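If you want the building blocks of each chain, they are given just below.
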Amino acid sequence: MEIIAYEMKYVKDDIEKTNILCIPFEQKYFQQYMKIYNACFYEMRKSLNIEPYNFLSDYKQISEKSKDIFLLVSEEEIIGSVACYGSEIDDLIVNKKFQNKGYGKKLLLWGMKYIRHNSNEPISLHLAKWNEKALMLYEKVGFDITNTEKVR
């Protein structure tokens, strides 16, 4: 199974406003985060035959990176999450029950604002070509494909 990945960059000055407030990841949210993370990536990982299909299983897998993961939470329920590693957006996920309500875009914009506040580098992200819905969102917000790579 061939896997094509895109590198995308956002180089514009302005970033659309968003009205959400994300909080830093806390370990108490791990079990809930793990379920949402695995649910969001399961279909892609299965379709592309990337095993294990449910990748996240232990807090140790993200403990070092957790300081760069931010959650959108309502009444202790995770709506979604975005990771901001330096100038890169990663692991943008939305709880299945909150999908198709604009939260993906809001989380993306929040992450972009966070990165821009902390870095002057172009904002980047990577995604599998398989994830057409995410690709459409990123292009709509203003990201451009800067590199295409055959991963496998």
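You'll find the structure just up there.
Computed from a predicted structure; not experimentally measured.

**Observations regarding the side chain of Asp91**
Then, in step 1: As for its placement among the helices and strands, Asp91 is situated in strand 5 (residues 88–94).
Then, in step 2: We note that Asp91 is buried and unpaired, the nearest opposite charge coming from Lys65 at a distance of 4.7 Å.
Then, in step 3: Setting aside residues no more than four positions away along its own chain, Asp91 makes contact with Tyr33, Tyr37, Phe41, Ser81, Val82, Ala83 and Tyr85.

**Examining the packing of aromatic side chains**
Then, in step 1: A complete count under the given rule lists 12 aromatic pairs for this structure.
Then, in step 2: Taken together, a centroid distance of 5.0 Å and an interplanar angle of 50° make the contact between Phe70 and Trp110 tilted. Taken as a pair, Phe70 in strand 3 (residues 69–74) and Trp110 in helix 2 (residues 103–118) lie far apart in primary sequence, 40 residues in all.
Then, in step 3: Note on Phe70: relative accessible area 6%, which makes it buried.

**Describing the layout of surface pockets**
One water molecule sets the probe size; rolling that probe over the atoms shows where empty space is left.
Then, in step 1: Within this model, the largest pocket holds a volume of roughly 1,200 Å³.
Then, in step 2: Surrounding the largest pocket, 45 residues form its lining, Phe41, Leu92, Asn131, Ala134 and Tyr138 being those nearest its centre.
Then, in step 3: When contributions to the lining of the largest pocket are tallied by element, the ones reaching two or more residues are helix 1 (30–47), strand 5, helix 2, strand 6 (123–128) and helix 3 (132–141).
Then, in step 4: The element that contributes the greatest number of residues to the lining of the largest pocket is helix 1, accounting for eight residues.
Then, in step 5: Split by residue class, the lining of the largest pocket holds 29 nonpolar, six polar and 10 charged.

**Here's the deal with the pattern of salt bridges**
Then, in step 1: Inspection of the entire model under this criterion finds six salt bridges.
Then, in step 2: Between Glu2 and Lys150 there is a salt bridge; the shortest N-O distance is 3.6 Å. With Glu2 in the segment before strand 1 (4–10) and Lys150 in strand 7 (residues 144–150), this pair connects stretches of sequence that are 148 residues apart.
Then, in step 3: Take Glu2: its relative accessible area is 46%, and that puts it in the partly exposed class.
Then, in step 4: The residue Lys28 makes a salt bridge to Glu76 at a minimum N-O spacing of 3.5 Å.

Analysis parameters
- Residues numbered from 1 in each chain as written.
- Predicted model: local features only at pLDDT ≥ 70, side-chain atom pairs only at ≥ 80, totals over all residues.
- Heavy atoms only, no water.
- Helix = DSSP H or I, 4+ residues; strand = E, 2+ residues; numbered from the N terminus.
- Buried < 20%, exposed > 50% of the residue type's maximum accessible area, 1.4 Å probe, protein only.
- Lys, Arg positive; Asp, Glu negative; His and termini not counted.
- Salt bridge = Lys/Arg side-chain N within 4 Å of Asp/Glu carboxyl O.
- Contact = heavy atoms within 4.5 Å.
- Phe/Tyr/Trp six-rings, centres within 6.5 Å; stacked < 30°, edge-to-face > 60°.
- 1 Å grid on protein atoms, 1.4 Å probe; cavity = no way out; pocket = protein on both sides within 12 Å on 5 of 7 lines; lining within 4 Å.
- Points joined across faces, edges and corners; volume = space filled by probe spheres on them.
- Nonpolar A, V, L, I, M, F, W, Y, C, P; charged D, E, K, R; others polar.

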